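# What the coordinates show
Residues per chain, in single letters:
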Amino acid sequence: MEYNIVVLDGDGIGPEICKGAISVLERTGAKYGHTFNFRHCLMGGCAIDACGNPLPEETVQACLASDSVLLGAVGGPKWDHLGGDVRPEAGLLGIRKAMGLYSNIRPAKLWSSLADASPLRKDLTKNGVEIIIVRELTGGIYFGHRERGFEANGEEFAVDTERYTTHEIERITRIACELAMKRTKKIISVDKANVLENSRLWRKVVHEYVEKNYPEITVQDMLVDNTAMQIVKNPAQFDVVVTSNIFGDILSDEAAQVTGSIGMLASSSLGDTTCGLYEPIHGSAPDIAGKDIANPIATILAAAMMLRDSFGLTEEYAAIESAIQRVLDKGYRTADIWSEGMTKVAGSEMAKLIADEI
Ligand code: NAD
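Let me sum up the structure you'll find in this document. (Residues numbered from 1 in each chain as written. Predicted model: local features only at pLDDT ≥ 70, side-chain atom pairs only at ≥ 80, totals over all residues. Heavy atoms only, no water.)

## A few points about the environment of Leu 223
With respect to the helices, strands and loops of the structure, Leu 223 is situated in strand β9 (residues 218-223). Contacts of Leu 223, omitting those with residues within four sequence positions, involve Val 190, Asp 191, Lys 192, Ala 193, Asn 194 and Arg 203. (Helix = DSSP H or I, 4+ residues; strand = E, 2+ residues; numbered from the N terminus. Contact = heavy atoms within 4.5 Å.)

As structure tokens, then:
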């Protein structure tokens, strides 16, 4: 098969880590008989430098016409002084909106050979940790009605509103169900239904939708405050978690921290079609850009998720994941995950080792 992938290298370490991921995809394509065509487009600070716009129309059109998009990272101190619409991050929000991406999926996995990287006690992580948080991305309090004003007595107030419609809850539930069907067929739905009316709607819709469309799946409800505790108390109990924008934002950072290194975690954003946006969860790391020390594994995993979740290439995904595992098992580490007794390698070398293992 032939697939057209748009690569948004972005800024800082973005071009280095995308290069590593592309080399792994090319190797995977050669082994399994696929052709991956890569088209590099501008987004973020590099696009501001080239044409004064963090998200040029040409980039939007290329992404919409592609089979999926691989993103490095955007931003850096060079563009920090710029205002709202011309900041690099505006490019990211803009492309998510243009592509209709309403779900963000962040698997937080603790690799057995990196168990020491977790801040949790070993007895809490010995059964492995893989928490997949499915976060609603385009609704809820981040996009609800907001207001700032003064009361009659002169006291200042601010309002942000959590709003979800049935349709918005159903479509994110579907994404979680599709993932759960390939895994344990269990979903934990996180809300605050003991207090929030919005969460009571969330809970009702999730249950009705799953019962009607995915009867094989079991749904467990968990209050968000309890979830925050359980992630550090018993992380192994989680598999697929579905939740709102704000709860997902907070819990996915907590889950990522449980697994240790920011350089190892990928995420995908999907909407109604199979065309998604895949990226590492970390930023452009300007402090280490150009030094060839950035860990490319998060971006390689993002590329692997693209193969599985957008192209349906599950065997190819597994091949990349197990290649990473073997390279780690052999003791190779980039600087961010290095520990005594391990072999320290450059970012480009790490990508080559993984590609060679495919
Ligand atoms: P960051 O994730 O870029 O870096 C945080 C720390 O982690 C730094 O010390 C960095 O060196 C390290 N790090 C990150 N990725 C690494 C990797 N692959 N290998 C080794 N070490 C790695 O976060 P930040 O410093 O807060 O932000 C830097 C810039 O990135 C900012 O402009 C920010 O707005 C932007 N940012 C972009 C995205 C995105 O593009 N999706 C996400 C977050 C931050």
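## What about helix α1 (residues 14-32)?
Each α-helix turn comprises 3.6 residues. Residues three or four places apart therefore point the same way. Over its 19 residues, α1 extends 27 Å from the first C-alpha to the last, a length consistent with the 27 Å expected when each residue adds 1.5 Å. Among all positions in α1, only Gly 14, Ile 17, Cys 18, Gly 20, Ala 21, Ile 22, Val 24, Leu 25, Thr 28 and Gly 29 are buried. Positioned one or two residues after α1, Gly 33 has a phi angle of 80 degrees, which is positive. (Expected span 1.5 Å × (residues − 1). Buried < 20%, exposed > 50% of the residue type's maximum accessible area, 1.4 Å probe, protein only.)

## With respect to the pattern of salt bridges
This structure, assessed with the given rule, holds 23 salt bridges. Notably, a salt bridge pairs Arg 121 with Asp 123, separated by 2.9 Å at the nearest N-O pair. Accessibility expressed as a relative area gives 53% for Arg 121, which makes it exposed. Given the relative accessible area of 41%, Asp 123 is considered partly exposed. Between Lys 330 and Glu 357 there is a salt bridge, and its shortest N-O distance comes to 2.3 Å. Residue Lys 330 is found in the loop between α11 (314-329) and β13 (332-333), and its partner Glu 357 is found in helix α12 (residues 347-357); the two are separated by 27 residues along the sequence. (Salt bridge = Lys/Arg side-chain N within 4 Å of Asp/Glu carboxyl O.)

## Re the side chain of Asn 295
Mapped onto the fold, Asn 295 is located in the loop between β12 (277-280) and α10 (297-309). For Asn 295, a relative accessible area of 4% translates into the label buried. For Asn 295, the side chain forms a polar contact with the side chain of Thr 334, separated by 3.4 Å. A polar atom in the side chain of Asn 295 sits 3.1 Å from the side chain of Asp 336. Aside from chain neighbours lying at most four places away, what touches Asn 295 is Ile 17, Gly 263, Met 264, His 282, Thr 334, Asp 336 and Ile 337. (Polar contact = N/O pair within 3.5 Å; in protein donor to acceptor, adjacent residues only side chain to side chain.)

## What about the sheet that holds strand β2 (residues 35-40)?
With mixed pairing, ten strands are arranged side by side in an open sheet as β2-β1-β3-β12-β11-β4-β5-β10-β8-β9. The sheet is open, and its two borders are formed by β2 and β9, each paired with just one other strand. For this sheet the average axis-to-axis angle between neighbouring strands, irrespective of direction, equals 25 degrees. With six bridges joining them, strand β8 (residues 186-191) and β9 adopt parallel strand pairing. Note on β9: the bridge partner recorded for Ile 187 is Val 219. The sheet strands contacting helix α9 (residues 245-258) are β4 (103-110), β5 (129-136), β8 and β10 (240-243), and the helix crosses β5 at an angle near 160 degrees. (Pairing = 2+ DSSP bridges. Axes fitted to C-alpha atoms, helices over the stretch in contact; angles between N-to-C directions.)

## A word on the packing of helix α6 (residues 166-181) against helix α7 (residues 197-213)
Two elements in contact, α6 and α7, have axes whose closest approach is 9 Å; the angle formed by their N-to-C orientations is 50 degrees. In this view, α6 runs oblique relative to α7, as classed from their interaxial angle. The handedness of the crossing between α6 and α7 is right-handed. Between α6, through Thr 166, Ile 169, Glu 170, Ile 172, Thr 173, Arg 174 and Cys 177, and α7, the contact on the second element is made entirely by Leu 201, Trp 202, Val 205, Val 206, Tyr 209 and Val 210. When grouped by side-chain class, the residues that make up the contact of α6 with α7 number nine nonpolar, two polar and two charged. (Parallel < 35°, antiparallel > 145°, perpendicular 65-115°, else oblique. Left-handed = near helix turned anticlockwise from the far one by under 90°. Nonpolar A, V, L, I, M, F, W, Y, C, P; charged D, E, K, R; others polar.)

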